[in-house]
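A structural walkthrough
Chain by chain, the residues:
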Amino acid sequence: MRDAPLILGVSGLRGIVGESLTPEVAVRYAGAFGSWLMERDCCAVVALASDGRKGWEAVYSAAKAGLLASGCQVVELGIQTTPTVGVVVTEKALNGAIQVTASHNPQEWNGLKCLVEDRNESGMLDAIESRDTARIRNQARASGAQAPTATQADEIIKIYQGARPAWLKHPLYASSEIYQGGGDDHVASVFRALRDHSNSWPNFSIAVDSVNASGCEITRCFARFTKKVRLTHLNGDGSGIFPHTPEPTKENLSGAGGLCDAVPGLKADVGFAQDPDADRLAIVDEKGVYIGEEYTLVLCAMALMEGRGAAGGTGAARAEARGSQAPVFVVNLSTSRMIDDVAAHYGAEVVRTPVGEANVVEAMKRLKGAGRDVVMGGEGNGGVIWPEVTYVRDSLSAMALTLALMARTGKTVSELVAMVDAMGPGKKGYCILKRKAPLSSKADAAPVVEHVAGHYKGVAGAVVDTQDGVRIDWPERGVWAHVRASNTEPIMRVIVEAPTEGEAGAVASEVEGVIAGVRT
């Protein structure tokens, strides 16, 4: 199993098709999720979709069988992005969803990612209510689809690993229907939310790499809807065959004929790269320079604050002028400090959470429930969570907000990046390094984290945070490092950021040396 891991966690289930991920595994996990929903809501209606990677049909069909056998009614969406599924679950008042995806993992992988409809009140619906009445009540108390919390994910895994899901001998409501309007719902939702955050757009030329997966059709729909975007679609045939390793990193987009080559050759204003389920977005500037996924989040934050007319003056002055609490951005501990500097520029606040989309969303909703002005959330992997559209990371929202910022400011992407860099420590910009180390199991990470935390607690000027692995900050230097086990891969992640590449490399080597000490 070391060569073919099956990963269970807050992001659902992932494995290698035909090895660790078999039809039996998919049926059982989908049945466990369906059983969990049926215990929670009695008569659950569940969306089912796929990121469209080649070979998705077998896993999709097995997941459908598991949901039906547990008593759920299935709404089939076919090939759709994960954020599209989130929009549909919320707008149609469904109880949850399964997205057949392995996100950025290579072609041989697939998995099942769950979404649940959050509720404003707890409690199970009365079993004697009709389905229509139940769905009306669901809608009345819904507050947005999201990834399961850690507690909910553990409950689903417990059912999966237990004796068996609760298969129903005579499922009264187990049936399926097809819904084809998900993409239109998603695009319309983005532009409803965008109406207060954009000027009239010029005619933009954009190049988009959708890796032949679920982002293909939604991107074309987006371009048609704007009537202001000339789209050149790279890898947009929807075949499900990835033309390169699908994670939207610099290495994967810089090959001959790749997005970085294409943007200047086409004289495009910007290049966008999606991962297979299109919940992440990377950006290439007009010169063909890969600017990094971390900038996706801050450019979208700037778009929203500029749309509010929040630019100009000091952050303190703007907060005082509002006479209220500062707006809030919620990000995880592994996200670049550039969001802190941008937030300070606009008089906003940053709240950090453990890594994981569900942790970010949980904090966003908690703060919103407490009366805070939660503008946006997300993660530094290019995952933007715009609550006015969906509480799911969304590449479509990120594309729209980036274009809105370009239109409002009249600046190119490279000029916007220069603005952000000037906000950094010493106005030197930011350099973030992300490294990986293999793990036999997630449990192997615990002694590493404990050793690193113990080492740095005695170092002058270092601030240690252990809410998720261990993060060490050197505030005066503008440097931080985060060491933690991945939620989605059998690896230890080491992330370091500093104002210069040399300093970031030195800190990364130092941290890796400390890690090596516990393994010797």
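Residues numbered from 1 in each chain as written. Predicted model: local features only at pLDDT ≥ 70, side-chain atom pairs only at ≥ 80, totals over all residues. Heavy atoms only, no water.

**Some points on the overall build of the protein chain**
Along the backbone of the protein chain there are 17 helices and 21 strands. Each of the 520 residues in the protein chain was classed as buried or not, and the buried ones make up 61%. Nonlocal contacts in the protein chain, meaning residues at least 24 apart in sequence, comprise 70% of its contacts between residues at least 6 apart. For the protein chain, the exposed surface amounts to about 19,800 Å²; the carbon and sulfur share of it is 52%. (Helix = DSSP H or I, 4+ residues; strand = E, 2+ residues; numbered from the N terminus. Buried < 20%, exposed > 50% of the residue type's maximum accessible area, 1.4 Å probe, protein only. Contact = heavy atoms within 4.5 Å. Areas by Shrake-Rupley, 256 points an atom, 1.4 Å probe, with all protein chains shown as cover.)

**Here's the deal with the confidence of the model for the protein chain**
Residues shown with low pLDDT carry predicted positions that ought not to be read at fine detail. With 90% of its residues at a pLDDT of at least 70, the protein chain reaches an overall mean of 89. In the predicted structure, residues 120–142 sits below a pLDDT of 50 and forms 41 contacts with residues beyond four places in sequence or in another chain. pLDDT under 50 marks residues 311–317. Its contacts with residues more than four places away, or in other chains, come to 9 contacts. (pLDDT = per-residue confidence, 0-100.)

**A look at helix H6 (residues 182–194)**
Taking 1.5 Å of rise per residue, the 13 residues of H6 would be expected to cover 18 Å, and the 18 Å separating its terminal C-alpha atoms lies within 8% of that figure. Looking only at H6, the buried set comprises Gly182, Gly183, Asp185, His186, Val187, Ser189, Val190, Phe191, Ala193 and Leu194. For H6, the secondary structure elements touched by its buried residues are helix H3 (82–91), helix H7 (215–226) and helix H14 (395–409). (Expected span 1.5 Å × (residues − 1).)

**Remarks on the layout of surface pockets**
Each pocket or cavity is described by its volume, and for the second largest pocket that value is around 690 Å³. Lining of the second largest pocket is provided by 32 residues; of these, Ser441, Lys442, Ala485, Ser486 and Glu489 occupy positions nearest its centre. Among the elements of the structure, strand E1 (7–9), helix H5 (150–161), helix H16 (445–457) and strand E20 (479–485) are those that each provide at least two residues to the lining of the second largest pocket. Taken together, the residues that form the lining of the second largest pocket break down as 18 nonpolar, 8 polar and 6 charged. (1 Å grid on protein atoms, 1.4 Å probe; cavity = no way out; pocket = protein on both sides within 12 Å on 5 of 7 lines; lining within 4 Å. Points joined across faces, edges and corners; volume = space filled by probe spheres on them. Nonpolar A, V, L, I, M, F, W, Y, C, P; charged D, E, K, R; others polar.)

**Digging into the sheet that holds strand E10 (residues 229–234)**
An order of E10-E9-E11-E12 is seen for the 4 strands of this open sheet, with the pairing classed as mixed. Two strands bound the open sheet, and with one partner strand each, they are E10 and strand E12 (281–284). Put simply, the sheet's adjacent strands are angled 25° from each other on average, direction ignored. Pairing analysis gives 6 bridges linking strand E9 (residues 204–209) to E10, with the strands arranged parallel. Across the sheet, Ala207 pairs through a bridge with Thr232, a residue of E10. Where H7 meets the sheet, its contacts fall on E9, E10 and strand E11 (270–274), and the angle it forms with E10 comes to roughly 165°. Of the strands in this sheet, E9, E10, E11 and E12 touch H14, which is tilted by about 165° from E11. (Pairing = 2+ DSSP bridges. Axes fitted to C-alpha atoms, helices over the stretch in contact; angles between N-to-C directions.)

**Focus: the pairing of strand E2 (residues 12–16)**
The side chains of a regular strand alternate between both faces of the sheet. Where burial is concerned, most of E2 is hidden: 5 out of the 5 residues are buried. Count of turn residues in the E1/E2 antiparallel hairpin: 2 residues.

**Remarks on the sheet that holds strand E14 (residues 349–353)**
As summarised here, the arrangement of the 4 strands in space is E14-E13-E15-E16, forming an open sheet in which the pairing is mixed. The open sheet is flanked by E14 and strand E16 (383–385), the only strands paired with a single partner. Neighbour to neighbour, the strand axes of the sheet diverge by 20° on average, direction disregarded. Summarising the sheet, strand E15 (residues 374–379) and E16 pair through 3 bridges and their orientation is antiparallel. Each bridged residue has a counterpart across the sheet, and for Gly378 the counterpart in E16 is Val384. Each of strand E13 (328–332), E15 and E16 is contacted by helix H10 (residues 293–307), which is oriented at about 170° to E15, the strand it contacts most.

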